[in-house]
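Each chain, letter by letter, is given below.
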Amino acid sequence: MKKIAVVYWSGGGNTEAMATAAADGAKKAGGDPALFRVNEFSAQDMKEYDGFLFGCPAMGAEVLEESEFEPFFREAESKLSGVPVGLFGSYGWGGGEWMRQWEARVKDDGAKLVEKGLAIENAPDEKGLVDCAARGEILVKALA
Ligand SMILES: Cc1cc2nc3c(=O)[nH]c(=O)nc-3n(C[C@H](O)[C@H](O)[C@H](O)COP(=O)(O)O)c2cc1C
């Protein structure tokens, strides 16, 4: 069974709801997902996993959250070459610009982005949660 780490930061719970749904989707698709807040996970732990779903909302001015997620992700980037990855997160008013920049960044790192990053405005509704679960499924299929 393919091991997937779902690693996220969430201040208000929107990205957390997305993370939970993505992990559920990965499990239903036959994967073995583990859910971590970013402060419970380090780049050194990445060797234990076959693929990753990273979640972070748009913060600052169209950037990743700067005190916990960005430092983790900067370290993680050196370990992403050839690795299947999915991205997700919630945003408020920026139209998803932070996600486009994040996608470009992981592509530069050589990661295999399994699909476009999933950006949801504020709290995910029912369809949003289905989309999150689908991201989990897509990653499991990419690992098969
Ligand atoms: C300090 C701060 C900065 C933010 N910056 C942006 C931004 O640049 N662009 C944007 O679209 N939303 C921005 N937002 C809105 C959040 O991305 C949005 O509220 C999101 O749903 C938060 O997700 P969370 O509940 O997982 O923390 C910001 C929110 C906060 C609190």
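Along each chain, numbering runs from 1 in the same order as the chain's sequence is written. Selection of residues for local features in this predicted model requires a pLDDT of at least 70, selection of side-chain atom pairs for listing and counting requires 80 or more, and totals for whole chains, interfaces and linings are taken over all residues. Processing note: side-chain calculations cover all non-hydrogen atoms of the structure and skip hydrogens and water entirely.

With respect to the side chain of Arg135
Moving on, step 1. Going along the chain from the N terminus, every DSSP run of H or I of four or more residues is numbered as a helix, and every run of E of two or more is numbered as a strand. Looking at the secondary structure, you find Arg135 in helix α4 (residues 126-143).
Moving on, step 2. Per-residue accessibility, obtained with a 1.4 Å probe over protein chains only, is compared with the maximum for each type, and a residue is labelled buried under 20%, exposed over 50%, and partly exposed between these values. Here Arg135 falls in the buried class, since its relative accessible area comes to 14%.
Moving on, step 3. Contact criterion: two residues are considered in contact whenever any of their non-hydrogen atoms come within 4.5 Å of each other. Setting aside residues no more than four positions away along its own chain, Arg135 makes contact with Leu53, Glu115, Lys116, Gly117 and Leu118.

A short note on the nonpolar core
Moving on, step 1. By convention a nonpolar core is built from buried Ala, Val, Leu, Ile, Met, Phe, Trp, Tyr and Cys residues, the set being connected through side-chain atoms within 4.5 Å. Within the largest apolar cluster, 29 residues are counted, with the highest numbers of intra-cluster contacts made by Phe54, Phe69 and Trp102.
Moving on, step 2. Among the elements of the structure, β1 (3-8), β3 (51-55), α2 (69-76), β4 (84-91) and α3 (97-108) are those that each provide at least two residues to this core.
Moving on, step 3. Judged by nonpolar contacts, the second largest core, of 17 residues, contains Val6, Ala26, Leu53 and Leu143.

A short note on the packing of aromatic side chains
Moving on, step 1. Any two of the Phe, Tyr and Trp rings considered here, Trp counted by its six-membered ring, make a pair once their centres fall within 6.5 Å; the pair's planes then place it as stacked at under 30 degrees, edge-to-face at over 60, or tilted in between. Tallied over the entire structure, the rule returns 13 aromatic pairs.
Moving on, step 2. Judged by centre distance (5.3 Å) and plane angle (85 degrees), the rings of Phe54 and Phe73 are edge-to-face. Of this pair, Phe54 sits in strand β3 while Phe73 sits in helix α2, and the two are 19 residues apart along the sequence. Of the two residues, Phe54 and Phe73, both sit in the buried class.
Moving on, step 3. Between Phe69 and Phe73, the ring centres sit 5.9 Å apart and the planes meet at 15 degrees, which makes this aromatic pair stacked. Taken together, the residues span about one helical turn, with Phe69 and Phe73 both in helix α2 at a distance of four residues.
Moving on, step 4. Judged by its relative accessible area of 0%, Phe69 falls in the buried class.
Moving on, step 5. Using a relative accessible area of 0% as the deciding quantity, one classes Phe73 as buried.
Moving on, step 6. The structure contains a cluster of three or more aromatic residues connected by ring pairs, namely Phe36, Phe41, Tyr49, Phe52, Phe54, Phe69, Phe72, Phe73 and Trp102.

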